[in-house]
Every structure is written in structure tokens, then in C-alpha cells.
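Now for the letters of each chain:
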Amino acid sequence: MEGKIVVYSDQTGLGKIITPERKKYNFSVDEWDEYDTMPAIGQTILFEPEGINARHVRLMEKGATQDAPPEPAPRPVESDAPKQAPNFLPEAPKPEDETPPTGLEASMEVEACIQMHFADILKRIAENRDLMRENRRLDFVRMHRFLNTAYNNLIEIDHSFENYELAEVRQQLLEAYDTYRDFKAKTAYIQNAYQQVFLNKQMRYKELRAKLELNKAQIAKLSESAKNREQEIREKSQKLKSLAPQSEEYIYLFNEIKILKRAMVDAIHEVAKLTEENRLYVEMLDNFYKMHYDRFKKAFGEFVESHDALLRKIQDVLAYKFDAMMWKKANRSKPIQNFFAQAGITDEFSAITYLKYYLKTLDTSKLNQQNQELLELLQYLEQQTKKRVVCIDDDTEFLALIKEAFGEIDRDIRVSLSTRPETVLPDLKNLQPNVLIVNPELRGIDLEGVVGYARKTVPDLEVAFFGKRINRELLMRAKEFNVAAIIPKTLHKQELTEQLRQYIE
């Protein structure tokens, strides 16, 4: 098929062909079959159409017989006397029902872009692997305001309260919280993330956008130039009417108008060329955007979900560590002990105790939003302190002994007993236990399946083992499954109770 190159860019290697029938085809330099020359605007060529794309593009040989294209419209002939210049500004290009071209390839894959952009997050998670193994945690997003208030109040009561160890953990906690909030902000809007994480790392995409903007600036400049020349032609043509046709001034002005017209027409042609080129660029950029968006959205969503949970766990484990350390130190402080005694606080030193004391001073009928959140925080902390334990063992007498021991430790501990994993595992979502204690030597047990399912159902679950004999093999399995403790089955009731008390508390 015969055609003519009407758009071509040396920088991108992309162009557009128009046929005598006014059909348009896209092509890239990869489809150029000539050896001695490169594509150029205005060349008459032959090609093989494939959809909206042209393949095997080559110059038409002189004398080749093809259907002759329509004769180009003749340029208007200059009359002896100039007329008022017409409006040469180009019409807006008409929309065409074409599928966007697909000539732009990604310079970096979606997954690689995500990994590179969040390298600091991956590094922080890797540096906190030890914390990731901990199961005791506090929701710092929920209680960070109260924890900071309690900490500052304890310092006011005892000016020597803050020490290096406590300050260091607090600093780690605040840094983890800042990292988490920054991650939430950067991942809140998928369109912004798509631009920042993926598109900004695509070199060809950025180059094409830069070329598009450069063309826009050039179009504006040329259009303004054409408009100014049109106005100048109009003014000079009006002046020409008052001059004698054979005068030297008339001839000079007449030639000047011709030069202005030529420059204006050249500018208009260049605007048309750049406008068509930009249309091609916009199609390519839009097509590239749509081509990778769904894949990015899926991969990015999975990354955010998993790493949001990891970052939150780091800060929540640090919050538990800071809270426990703070109240342990408060319990050893004489000024704080005196303050609690004078305030009539007799319970143990803890966030719950201090929060209850603060809430007693408030009129519950006139609570503002912030104090209402403190009431909800108290409910959360009280719920956290109520242990829920699931025990799995095939010895019913031993399980009964376990239940009695937990009852003596704290009657608020909710204990669920089972001799078979398959009967209790489906109910884990409703039970939401803090601790699962299982006998790894149960006949026919799929320990990996049981522990894996339990931890997937209850992400913060702590796992312990029952064991008749604590030998090397059992210790190796405990390490493999990141088990918090091994409870011996050979202990008497009093010893068993004390062992469970130490573990639970």
C-alpha cells in the first residue's frame, strides 16, 4: 500500500502515515526497511497494513506504478495587489475512532518500582525482625495520646523518672509511629502512588511527556507568532492601498508582506505538524497509563496490606514494651508511690489504673469527644487484660487439671479445652484467643497446618507446647514454630499452677 509520512520524530522513532484514501497508520523506526536513509516527513513510501499499524515500511521506487494519490490543492497565486489576509490558524483536529498505539514499553517492572520506592520501609522491617517475633502488643494508634500524657505526668511527679533506657525505647516508638504515618500518607491515594511509584521511574514515559510539554510550548509560541504576523499583514495591506502601485515604497512593502505571509504559513504548518505529533504522544501516554494501571493496583494493594500490618506490629510491640517499662519504673519511684497513695489508688501501677483514676475526676454526663475516646480506650485495655486460652491435648484428666489451675490464677481467664484440633480450630475466629497451647505429639496431628491456620486466623496469637519429656527434639520443634514456652505435663497441680502463672503474667 502507498502512503506518505506526515509525522515523524527522530527522538522517539515514531511516526504516522497517511494514504491517498486519507487513512492513517502508525509506524515505528523498527519497521523501516531501508538501509541508506532514515524516515522523513514528506517521503512517499510503501507499506503493509496491519490493523492501525504499518509494517515493512520502505521508500517507493521512482517509476513504481501505484494508484496516483489525489493532486494536492494548488497554493493560492499572489495577485498584484495584496488582499486582506485570511485567518490561517488551523482548525482543531477532529476526533478519530482509532485504537491507541502500543509503541511505549516499560523501562522498569511494577514490582521492581514498588521495591525501589519503599526501600526504606523494607530496611526498617528487616532491622526489626526480633520485634516481629513478639506477640504482646498495644494498639499505639488508639492510645498514643494517653501514653504520652501519662509519661509526661509521671515525669512531673518524679523529675528523676526518665532515664536513658526509657527515653531510648520511647524514641524508637515515636520513630516507628512517624514511619507508619508517613507510609499511610504515601499509600492513601492509588492515583498519586501510581504516578510517584511507577510512572516517575519510566524513562521513556518521562521523555515522551517532556517532549509533549516542549511541543505545547512551541505550539503556543508559533501560534502567537502567526497571530502577530496576521495582524501585521492586515495593517501593512491597509497601508499598501494608499500607495502608488509603481512606487518604490509600494514594491518594498508588497515584498515585505509576501515574506510575512510565507513566515505565517510556515508557522501554521509547523503548528499543524506539532499538533498531530502531540496527538500521537497523548495516545501513547494514555495507552501506557491504562496498560499498567490494573497490574500496579493489584501489586501495590498487596504490598500495602502486608507491610502496613508489619509496620503497625513494630510500633504496637514497642508500645507494649514502653508501657510495661514505664509502669515498672513507676512502681519503684517513691514520689509516684506517695502520689498514688494520697490519691487513694490501691491497684497495681498500670495504664488501666491511671486511666481509671483520671476518668473518676470527670463528669461522665458532659464528656467531650477526646474524653469519650478515653472511655473506649479503657474498654480496650480491660479487654486486652482478659486472657483467652485454647488448650489442645488428648489427656482429658490433664485438661481438667489445666482448667483448675487457670481458675486459681484468675477466674476471668477464659479457657477452651479440646482433645481434637479439628473441633476447635473452626471456632478460633469467634474465640480470638491470646494463647494456644497444643501437644505437638498428638496422634495424627498436622502441627504445621494447625499452627499456620491458627496464626493466620488470629495474627497476634501466642503459641506454647505441652510436653511429657522436654528433650532436644521437642526444643528443636519449639524453635521451628517460634513457640513462647513449653509447659511440662509431669508437674503436680501446685507446680503446674505456678508454671502457668509465670507464663500468663
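Definitions and limits used
Residues numbered from 1 in each chain as written. Predicted model: local features only at pLDDT ≥ 70, side-chain atom pairs only at ≥ 80, totals over all residues. Heavy atoms only, no water. Phe/Tyr/Trp six-rings, centres within 6.5 Å; stacked < 30°, edge-to-face > 60°. Helix = DSSP H or I, 4+ residues; strand = E, 2+ residues; numbered from the N terminus. Buried < 20%, exposed > 50% of the residue type's maximum accessible area, 1.4 Å probe, protein only. Lys NZ or Arg CZ within 6 Å of the ring centre and 35° of its normal. pLDDT = per-residue confidence, 0-100. Contact = heavy atoms within 4.5 Å. Core = buried A, V, L, I, M, F, W, Y, C linked by side-chain atoms within 4.5 Å. Axes fitted to C-alpha atoms, helices over the stretch in contact; angles between N-to-C directions. Parallel < 35°, antiparallel > 145°, perpendicular 65-115°, else oblique. Left-handed = near helix turned anticlockwise from the far one by under 90°. Nonpolar A, V, L, I, M, F, W, Y, C, P; charged D, E, K, R; others polar. Pairing = 2+ DSSP bridges.

1. Structural notes on the packing of aromatic side chains
Describing an aromatic ring pair means giving the distance of the ring centres and the angle of the ring planes.
Alright, step 1. Using the criterion set out here, one finds 22 aromatic pairs in the structure.
Alright, step 2. A ring pair is formed by F140 and Y177, whose centres lie 5.1 Å apart and whose planes are at 90°; its orientation type is edge-to-face. Linking F140 in helix 4 (residues 140–157) with Y177 in helix 5 (residues 164–186), this pair joins segments that are 37 residues apart in sequence. An identical accessibility class is assigned to F140 and Y177; each is buried.
Alright, step 3. A ring pair is formed by Y289 and Y293, whose centres lie 6.0 Å apart and whose planes are at 10°; its orientation type is stacked. Placement of both Y289 and Y293 in helix 8 (residues 248–330) is noted, with a separation of 4 residues, approximately one turn of the helix.
Alright, step 4. According to the relative accessible area criterion, Y293 is buried, its value standing at 15%.
Alright, step 5. Its end group placed over the ring of F398, K489 keeps NZ or CZ at 5.1 Å from the ring centre.

2. Quick word on the environment of G13
Alright, step 1. Following the sequence through the fold, G13 ends up in the loop between strand 1 (2–8) and strand 2 (14–18).
Alright, step 2. Assessed through its relative accessible area of 7%, G13 is described here as buried.
Alright, step 3. Expressed as a C-alpha distance, the spacing of G13 and D30, which sit 17 residues apart in the sequence, is 8.0 Å.

3. Considering unusual backbone geometry
Alright, step 1. At H56, a residue that is not glycine, the phi angle is positive and equals roughly 50°.
Alright, step 2. Tracing the backbone shows H56 in strand 5 (residues 53–59).
Alright, step 3. At Q432, a residue that is not glycine, the phi angle is positive and equals roughly 45°.
Alright, step 4. Q432 gets classed as partly exposed once you look at its relative accessible area, which sits at 33%.

4. Considerations on the confidence of the model for the protein
Alright, step 1. Residue-level pLDDT values for the protein average 85, and 89% of them are 70 or greater.
Alright, step 2. Every residue in residues 65–102 scores below 50 in pLDDT, and together they form 53 contacts with partners more than four places removed in sequence or on other chains.

5. Considerations on the nonpolar core
Alright, step 1. Counting 71 residues, the largest nonpolar core has F296, M326 and W327 as its most contacted members.
Alright, step 2. With 21 residues, helix 8 is the single largest residue contributor to this core.
Alright, step 3. Leave out the neighbours within four places in its chain, and F296 touches V110, I114, I190, A193, Y194, V197, F198 and G301.
Alright, step 4. In terms of nonpolar packing, the next biggest core, distinct from the first, is built from 23 residues, L431, V450, A478 and V483 among them.

6. Digging into the packing of helix 5 against helix 8
Alright, step 1. Look at helix 5 against helix 8: their axes get within 9 Å of each other, and the N-to-C directions meet at 155°. Our classification of the angle between helix 5 and helix 8 gives roughly antiparallel. In this structure, helix 5 crosses over helix 8, and the sense of that crossing is left-handed.
Alright, step 2. Split into classes, the residues belonging to the contact of helix 5 with helix 8 amount to 16 nonpolar, 4 polar and 7 charged.

7. Some points on the sheet that holds strand 9 (residues 462–467)
Alright, step 1. With parallel pairing, 5 strands are arranged side by side in an open sheet as 7-6-8-9-10. Both outer strands of the open sheet, strand 7 (414–418) and strand 10 (486–488), are each paired with one neighbouring strand and no more. Adjacent strand axes in the sheet meet at a mean angle of 20° when their direction is disregarded.
Alright, step 2. As judged from the 4 bridges shared by strand 6 (residues 388–392) and strand 8 (residues 435–438), these two strands associate in the parallel manner. If you follow I392 over to strand 8, its bridge partner there is V438.

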